[in-house]
Amino acid sequence: MQSPVIVLNTSKQRETGHRAQMSNIAAGKTVADVVRTCLGPRAMLKMLLDPMGGITLTNDGFAILRECEVAHPAAKSMIELSRTQDDEVGDGTTSVIILAGEMLAISAPFLERKIHPVVILRAFQKALEDAKEVLREIAVPVDTSDRTKMLGLIKSAIGTKFVSRWNDLMCELALTAVQTVVCREADLDALHGVTQEVPAAVTAAATAASAGEAATGAKATDDKPAAAGATAAADAAAASAASAGAADAPAASDLGPASVAEAQAADPATLTKTPAPDVDVREVDIKRFVRVEKVPGGEIEESRVLDGVMINKDVVHPKMRRHIENPRIILLDCPLEYKKGESQTTIEITRESDWARVLEIEEEQVRMMCEKIAALKPDLVVTEKGVSDLAQHYLVKENITALRRMRKTDNNRIARATGARIVTSVDELKEQDVGTACGLFSVEKIGDEYFSFLTKCKNPKACTILLRGPGKDTLNEIDRNLQDAMCVARNVLFSPYLCPGGGATEMALAVQLGQRAKSDIDGIEQWPYAGVAEAMEVIPRTLIQNGGGNAIRTLTELRAKHAAGLTTWGVDGEKGVPVDMNEYGVWEPLAVKLQTIKTAIDSASLLLRVDDIVSGTAKKSE
């Protein structure tokens with residue numbers, strides 16, 4: 001008999017075949033159970049202690065999972081899933097984990113019955129395509145210029161969060177901040193100093209003779225796609241095409257921002273059904289241009305959005321002005337001190353007069369730098385590097401205020417808000433580099449620290465949210481919730497379509513996919529397809545359970561409503577009873593729903609493909 005050939009290291013843990021699949025499913029369900037109670041307005045908080053002794057108190061799905069240390073590879077994959085959702089749309093991090101866990105759970109019986117994973121995955125993909133169609137049908141357009149509707153939308157997004165008791169204030173902060181930094185075609189042209197006679201690329205696409213020409217035109221002219229909302233915009237465009245009645249609209253991932261216009265150009269009748277989205281929005285960069293400054297102390301009600309920038313810096317010299325109206329601002333990325341050689345140099349001096357001359361040369365160089373700055377008559381100079389004592393002396397003589405050691409990100413925001421340009425050398429300074437859009441520079445003391453304010457800016461495209469509160473942990477949680485609220489506002493600007501919240505969308509998907517499973521799907525694939533419909537019910541079921549309602553009775557009522565075509569009926573998360581979302585007023589962005597369902601089904605499909613797990617850790621001793 002031939003001796004066995006050992007290929008893999010036998011001391012390593014290894015799971016294969018059915019056992020590996022069931023292990024992945026168990027890990028996915030465990031991760032989903034961790035965050036299950038964090039869904040809805042009655043969500044429970046989790047208190048996590050990190051290795052450094054810091055406390056995280058939150059009900060945000062991503063924040064919880066980010067702090068968890070897991071060993072199982074499938075569980076790590078689920079946590080990455082939450083990170084993806086947070087990066088793409090900023091909301092729905094808890095929903096996506098719960099839904100992915102349920103998708104894995106419903107797969108287990110099919111694997112037990114020896115149905116091949118590929119058959120299950122094929123059914124999942126069919127269900128995903130049909131779910132996208134259903135979503136587009138039930139989505140309704142929203143007017144992004146209507147502040148009341150936008151505030152209501154954001155309110156429903158953060159109503160489940162810790163800050164819900166200050167709902168109105170937080171919604172105002174988030175919407176004001178996003179509307180401040182939103183850049184349209186004209187704004188981007190102004191920022192880059194470009195004057196274009198041709199309007200937005202999407203407008204060109206809409207007026208093109210054919211869809212093919214439109215796509216070409218969009219590629220040729222759209223040089224600056226919005227990086228932050230690319231996925232959201234693509235999904236929204238797909239949604240608008242379908243809700244406008246385009247029968248053969250392509251999949252959401254295939255549609256760019258111009259595709260709505262293409263669909264409408266192909267069928268002019270669609271223009272009368274739903275308004276085109278606000279395609280003029282090109283960039284909403286929350287990460288770079290909205291800074292949240294957390295200052296412990298004071299009341300939460302004192303939080304506000306500044307029409308400019310706030311920096312944790314004081315002026316470099318006590319005699320410099322701390323209150324300047326309509327300041328002329330120069331931004332530098334170079335030191336205002338004597339320039340030393342790149343490599344180490346040694347100078348041997350034999351005469352005292354030579355030593356005096358060396359010192360004079362240093363002084364002259366610094367003085368010349370300050371004179372070049374003073375020639376432009378600025379009131380404020382901000383540099384990312386240092387300012388020497390001698391340079392401070394010359395600047396004070398010229399009545400110029402200076403801030404030093406500014407972070408690159410802060411300097412970029414000041415440039416955006418004040419209209420100044422960052423210059424890398426004082427020799428290159430010109431009049432057009434001076435920022436004049438700021439109305440007031442002031443230094444104020446808040447608590448024990450000094451903060452510089454550049455406010456009353458004309459049309460600032462950057463802003464700072466000043467958060468006050470009782471403690472660091474509270475402020476951190478408010479910051480997390482505020483980021484979610486701003487992401488919701490950004491998504492809707494890129495894709496002005498909404499779906500009913502409170503589990504209504506998932507319930508509509510469950511009912512309609514269940515009906516299609518019976519009528520349109522044949523063979524073995526019918527079971528996993530119907531399983532996806534069943535899995536969708538996990539969101540309304542969890543909302544009912546967290547709200548203390550009767551899950552069986554309420555779900556039965558909801559199924560009956562949706563079977564009758566009332567797709568806006570969902571769950572009142574406070575009481576756990578059915579309610580019409582048109583009256584209750586809870587709506588969610590279509591982009592978030594699309595992303596949640598796509599990510600959950602794709603990740604479940606990925607884990608079901610795994611049939612062998614080789615762990616890097618050694619086997620436990622028997």
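Cut-offs and rules
- Residues numbered from 1 in each chain as written.
- Predicted model: local features only at pLDDT ≥ 70, side-chain atom pairs only at ≥ 80, totals over all residues.
- Heavy atoms only, no water.
- 1 Å grid on protein atoms, 1.4 Å probe; cavity = no way out; pocket = protein on both sides within 12 Å on 5 of 7 lines; lining within 4 Å.
- Points joined across faces, edges and corners; volume = space filled by probe spheres on them.
- Helix = DSSP H or I, 4+ residues; strand = E, 2+ residues; numbered from the N terminus.
- Nonpolar A, V, L, I, M, F, W, Y, C, P; charged D, E, K, R; others polar.
- Pairing = 2+ DSSP bridges.
- Buried < 20%, exposed > 50% of the residue type's maximum accessible area, 1.4 Å probe, protein only.
- Contact = heavy atoms within 4.5 Å.
- Polar contact = N/O pair within 3.5 Å; in protein donor to acceptor, adjacent residues only side chain to side chain.
- Axes fitted to C-alpha atoms, helices over the stretch in contact; angles between N-to-C directions.
- Left-handed = near helix turned anticlockwise from the far one by under 90°.
- pLDDT = per-residue confidence, 0-100.

Details of the layout of surface pockets
And step 1. Put simply, the largest pocket is a space of about 840 Å³.
And step 2. Going through the elements one at a time, helix H2 (61-67), helix H3 (73-88), helix H13 (286-289), strand S7 (290-296), helix H16 (408-418) and helix H17 (472-494) are the ones with two or more residues in the lining of the largest pocket.
And step 3. For the lining of the largest pocket, the leading source of residues is H17, giving seven residues.
And step 4. Residues of the lining of the largest pocket, tallied by class, amount to nine nonpolar, five polar and 15 charged.

Observations concerning the pairing of strand S20 (residues 577-580)
And step 1. Bridging between strand S19 (residues 569-572) and S20 involves four bridges; their strand directions are antiparallel. Residue pairing in the sheet places Asp572 in a bridge with Val577 of S20.
And step 2. Following S19, the chain reverses through four residues before pairing antiparallel with S20; Gly576 in that reversal takes a positive phi of roughly 75 degrees.

Quick notes on unusual backbone geometry
Note: most residues except glycine have negative phi, and most peptide bonds are trans.
And step 1. Of note, Lys377 is a non-glycine position whose phi angle comes to about 50 degrees, a positive value.
And step 2. Relative to the helices and strands, Lys377 is located in the loop between helix H14 (352-374) and strand S12 (380-383).
And step 3. Positive phi values are uncommon outside glycine, yet Asn459 reaches one of about 45 degrees.
And step 4. By the element assignment, Asn459 lies in the loop between strand S16 (449-455) and strand S17 (463-469).
And step 5. A relative accessible area of 54% places Asn459 in the exposed class.

As for the environment of Asp379
And step 1. Here Asp379 lies in the loop between H14 and S12.
And step 2. Spatially, the C-alpha atom of Asp379 lies 9.5 Å from that of Phe441, the residues being 62 residues apart in sequence.
And step 3. Apart from the residues within four sequence positions on either side, Asp379 is in contact with Arg321, Ile324, Asn326, Pro327, Arg328, Ile400 and Thr401.
And step 4. Looking at Asp379, its side chain comes within polar contact range of the side chain of Arg321, at 3.0 Å.

Things to note about the packing of helix H4 (residues 93-112) against helix H19 (residues 526-536)
And step 1. H19 packs onto H4 with a crossing angle of 145 degrees between their chain directions and a minimal axis gap of 9 Å. Along this stretch, H4 crosses H19, giving a crossing that reads as right-handed. Counted together, Leu99, Glu102, Met103, Ile106 and Phe110 of H4 and Trp527, Pro528, Gly531, Val532, Ala535 and Met536 of H19 form the full contact between these two elements.

Thoughts on helix H20 (residues 538-546)
And step 1. The set of residues buried in H20 consists of Val538, Ile539, Pro540, Thr542, Leu543 and Ile544.
And step 2. The elements touched by buried residues of H20 are H4, helix H18 (504-519), H19, helix H21 (551-563) and S19.
And step 3. Residue Gly548 follows H20 closely and has a positive phi angle near 80 degrees.

Examining the confidence of the model for the protein
And step 1. A residue-level look at the protein finds 80% of positions with pLDDT of 70 or above and a mean pLDDT of 78.
And step 2. Taken as a whole, residues 194-278 scores under 50 in pLDDT and shows 102 contacts with residues more than four places along the chain or in a different chain.

Brief notes about the sheet that holds strand S21 (residues 587-589)
And step 1. Taking strand neighbours across the sheet as the criterion, the three strands line up as S4-S18-S21 in an open arrangement whose pairing is antiparallel. Two strands lie at the open edges of the sheet, namely strand S4 (140-141) and S21, each paired on one side alone.
And step 2. Inspection of the sheet shows S4 paired to strand S18 (residues 497-500) by two bridges, in the antiparallel sense. Counted as the bridge partner of Pro141 is Tyr497 from S18.

Quick look at the sheet that holds strand S9 (residues 309-311)
And step 1. Pairing within the open sheet is antiparallel, and its four strands lie in the order S9-S16-S15-S10. At either margin of the open sheet sits one strand with a lone partner, and together these are S9 and strand S10 (323-325). Here the strands of the sheet are splayed against their neighbours by 25 degrees on average, with no regard to which way each runs.
And step 2. Direction of pairing for strand S15 (residues 440-446) relative to S16: antiparallel, over a ladder of seven bridges. Across the sheet, the residue bridging to Phe441 is Leu454, located in S16.
And step 3. Helix-sheet contacts for H16 involve S9 and S16, and the interaxial angle to S9 is about 150 degrees.

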